[in-house]
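# Coordinate analysis (summary)
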Amino acid sequence: MEPVKIIGAGLAGCEAALQLAKNGIPVRLFEMRPETKTAAHRTGDVAELVCSNSLKSDQGENAHGLLKAELRCYGSALLGCARQARIPGGKALVVDRQRFSAEVQFTLDDAGIEVVREEIREIPDKLVIVASGPLTSPELAESLTGLLGAKRLSFYDAIAPIIAADSIDMNVVFAASRYGVGRDYLNCPLTRKQYDRLVNELLEAELHPMKDFEKSSLFEPCLPVEEMARRGRETLAFGPMKPVGLTLPETGKRPFAVVQLRRENTEGTMFNLVGFQTRLKHGEQKRVFRMIPGLEHAEFLRYGSMHRNTYLDGPELLLPTLQTKVRSDLFIAGQLAGVEGYVESIAAGLVAGINAARIAKTQKPIEFPEPTMIGGLLKYITTPNQNFQPMNANFGLLPLLNKRVRGRAKRNLMAEMALDAARKFRRNLAV
Ligand SMILES: Cc1cc2nc3c(=O)[nH]c(=O)nc-3n(C[C@H](O)[C@H](O)[C@H](O)COP(=O)(O)OP(=O)(O)OC[C@H]3O[C@@H](n4cnc5c(N)ncnc54)[C@H](O)[C@@H]3O)c2cc1C
């Protein structure tokens, strides 16, 4: 049998390789480091964690905890390595990063997978998984755009926060599109005084530090909200917060400013803050954006961020199996597929690995079930979306509950149902 080629021995590539090996499929795993470097990796190690050494929460009622529980259920090899390399870190799965890479290397060796130290510049023929990550080498990125289309690859993300629909105060916000053409948006109205307070806080709030290689990355049409505030006190009122075409239902008057909330999914469980892409620290986003009328109790499902990040237009290019639409033997895994985060990248590697193994065995690739965190994530990154930005695990990706529960009880119930669905799926997953 011809080996499946995998480009990138990062989190997704290593997980995919180990899933293939588990199914008896030969693999050639290519990694360009240490010879060719990226702007963030520091070593030649496989599965290097480029920044934090935390794989986030390990608690069942947390979205990342659920994602890990599903990965465990499907037999994720990298999650096993993370547990071997675990160091104390409270409720989070925190690892010794060198030990983690060493565990992954050991597991690859044990499975007979050789890491070929070579930069791949052209997408190869036949069964291949591209898992070259957010810092994909420029030549490979060019080959991808040649195959998939120039507008289909982004190099920076500009992410606005997403909040849970049921945490919005519907007594304060009003549903309306501009000029009365529909009711597609929820609008948070601000008085002059409220607007001024928000601008003051945006100017004072603490920012995530930028990496050196990201410093030139501000993209004018997509400036962070705090940068817009810095350019002039009225900039936001004439920009994303302009109230034109909107009137308050009670008075018929135009508010001084509005923050518009746009639906993020068909089910209407998630809304994003339009134009509020930001580099504020997570705690600061919570503090400052909860000053917006109607968002006092907002539950943040995804925080805003702006990064150097190579990712594909998943909704246009990918199937939920992580095959590309143009070539059924070409898979995309990891951050390049439009997921965001270490564990999400591992999950995308697992899905691509399992499905590539199925193709190698002439079986039909499978879609992971929607009522699970992995299924929800795959659905999100492959559903039509004109404003697509990468997505992390969160409870807004799961189907609505048909009973009214809130807070921790709601999350526990959703996690229980998702895990049940994952276990049933696992039983039928005869790869
Ligand atoms: C600077 C930065 C910091 C981040 N910090 C965090 C964080 O703290 N927490 C978090 O959850 N997520 C973080 N992320 C996001 C993301 O989770 C990680 O980047 C994660 O490692 C992505 O996994 P991956 O497998 O898709 O890519 P990677 O782990 O980056 O693996 C891709 C591999 O492909 C190799 N490669 C690239 N091009 C080629 C080529 N042409 N030929 C051969 N090999 C190639 C690379 O060298 C790399 O080893 C960060 C991202 C960046 C860019």
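So, how was this worked out
Residues numbered from 1 in each chain as written. Predicted model: local features only at pLDDT ≥ 70, side-chain atom pairs only at ≥ 80, totals over all residues. Heavy atoms only, no water. 1 Å grid on protein atoms, 1.4 Å probe; cavity = no way out; pocket = protein on both sides within 12 Å on 5 of 7 lines; lining within 4 Å. Points joined across faces, edges and corners; volume = space filled by probe spheres on them. Helix = DSSP H or I, 4+ residues; strand = E, 2+ residues; numbered from the N terminus. Nonpolar A, V, L, I, M, F, W, Y, C, P; charged D, E, K, R; others polar. Domains from an automatic or database assignment. Pairing = 2+ DSSP bridges. Contact = heavy atoms within 4.5 Å. Axes fitted to C-alpha atoms, helices over the stretch in contact; angles between N-to-C directions. Near = heavy atom within 4 Å. Polar contact = N/O pair within 3.5 Å; in protein donor to acceptor, adjacent residues only side chain to side chain. Areas by Shrake-Rupley, 256 points an atom, 1.4 Å probe, with all protein chains shown as cover. UniProt positions renumbered as here; feature names shortened; annotations may be inferred. Buried < 20%, exposed > 50% of the residue type's maximum accessible area, 1.4 Å probe, protein only. Core = buried A, V, L, I, M, F, W, Y, C linked by side-chain atoms within 4.5 Å.

### Describing the layout of surface pockets
The space that makes up the second largest pocket amounts to roughly 1200 Å³. Contributing to the lining of the second largest pocket are 50 residues, with N385, Q386, N387, F388 and Q389 lying nearest its centre. If you list the elements that add at least two residues to the lining of the second largest pocket, you get strand 8 (153-159), strand 12 (257-263), strand 13 (270-273), strand 15 (305-312), helix 10 (314-317) and helix 12 (373-382). Per element, the largest residue contribution to the lining of the second largest pocket is seven residues, and it comes from strand 8. Class assignment for the residues of the lining of the second largest pocket results in 21 nonpolar, 16 polar and 13 charged. Counting contributing residues per domain, the lining of the second largest pocket is built from domain 1 (4-155 + 309-423) and domain 2 (162-303), each supplying no fewer than three.

### Here's the deal with empty space enclosed by the protein
On inspection of all chains with the given rule, the structure shows one cavity of 30 Å³ or more. Its volume calculated, the largest cavity comes out at about 40 Å³. Lining the largest cavity, in full, are V339, E344, A347, A348, I374, L377 and L378. Contributions of two or more residues to the lining of the largest cavity are made by helix 11 (342-360) and helix 12. Residues belonging to the lining of the largest cavity are distributed by class as follows: six nonpolar, no polar and one charged.

### With respect to the sheet that holds strand 4 (residues 86-87)
With antiparallel pairing, three strands are arranged side by side in an open sheet as 3-5-4. Each edge of the open sheet carries a strand with a single partner, namely strand 3 (54-57) and strand 4. In the sheet, strand 3 pairs with strand 5 (residues 92-95) via two bridges, with the strands oriented antiparallel. Paired with S54 across the strands is V94, a residue of strand 5. Along the sheet, helix 2 (residues 63-73) makes contact with strand 3 and strand 5, crossing strand 3 at roughly 110°. Strand contacts of helix 3 (residues 77-84): strand 3, strand 4 and strand 5, with the helix running at about 75° to strand 5, the strand carrying the most contacts.

### Here we look at the site of the ligand
Taken together, 34 residues form the shell around the ligand, and within it E31, R33, Q335, G341 and Y342 come nearest. Here a nitrogen atom of the ligand and a side-chain polar atom of S137 are 2.9 Å apart. S345 has a polar side-chain atom sitting 3.4 Å from an oxygen atom of the ligand. Burial of the ligand by the protein amounts to 94% of the accessible area it has alone, namely 980 Å².

### Description of the UniProt feature "binding site: FAD" (unreviewed entry) in the chain
If you check UniProt for "binding site: FAD" (unreviewed entry), the listed places come out as G8, A9, G10, L11, A12 and G13 in our numbering. Along the chain, L11 falls in helix 1 (residues 11-22). Accessibility expressed as a relative area gives 11% for L11, which makes it buried. Excluding its chain neighbours within four sequence positions, the residues that come into contact with L11 are A47, L49, L78, F100, Y342, S345 and I346. Tracing the sequence through the fold places G13 in helix 1.

### Quick word on the nonpolar core
Judged by nonpolar contacts, the single largest core of 98 residues is most densely connected at L29, F100, L108, I129 and L322. Broken down by element, the residue count for this core peaks at 11 residues, all from helix 11. For this core, the domains that each give at least three residues are domain 1 (4-155 + 309-423) and domain 2 (162-303). If we ignore the near neighbours within four places in the chain, the residues touching F100 are L11, A47, L49, L78, C81, A82, A85 and V95. Residues A229, L236, F271 and F300 belong to the second largest nonpolar core, which totals 32 residues.

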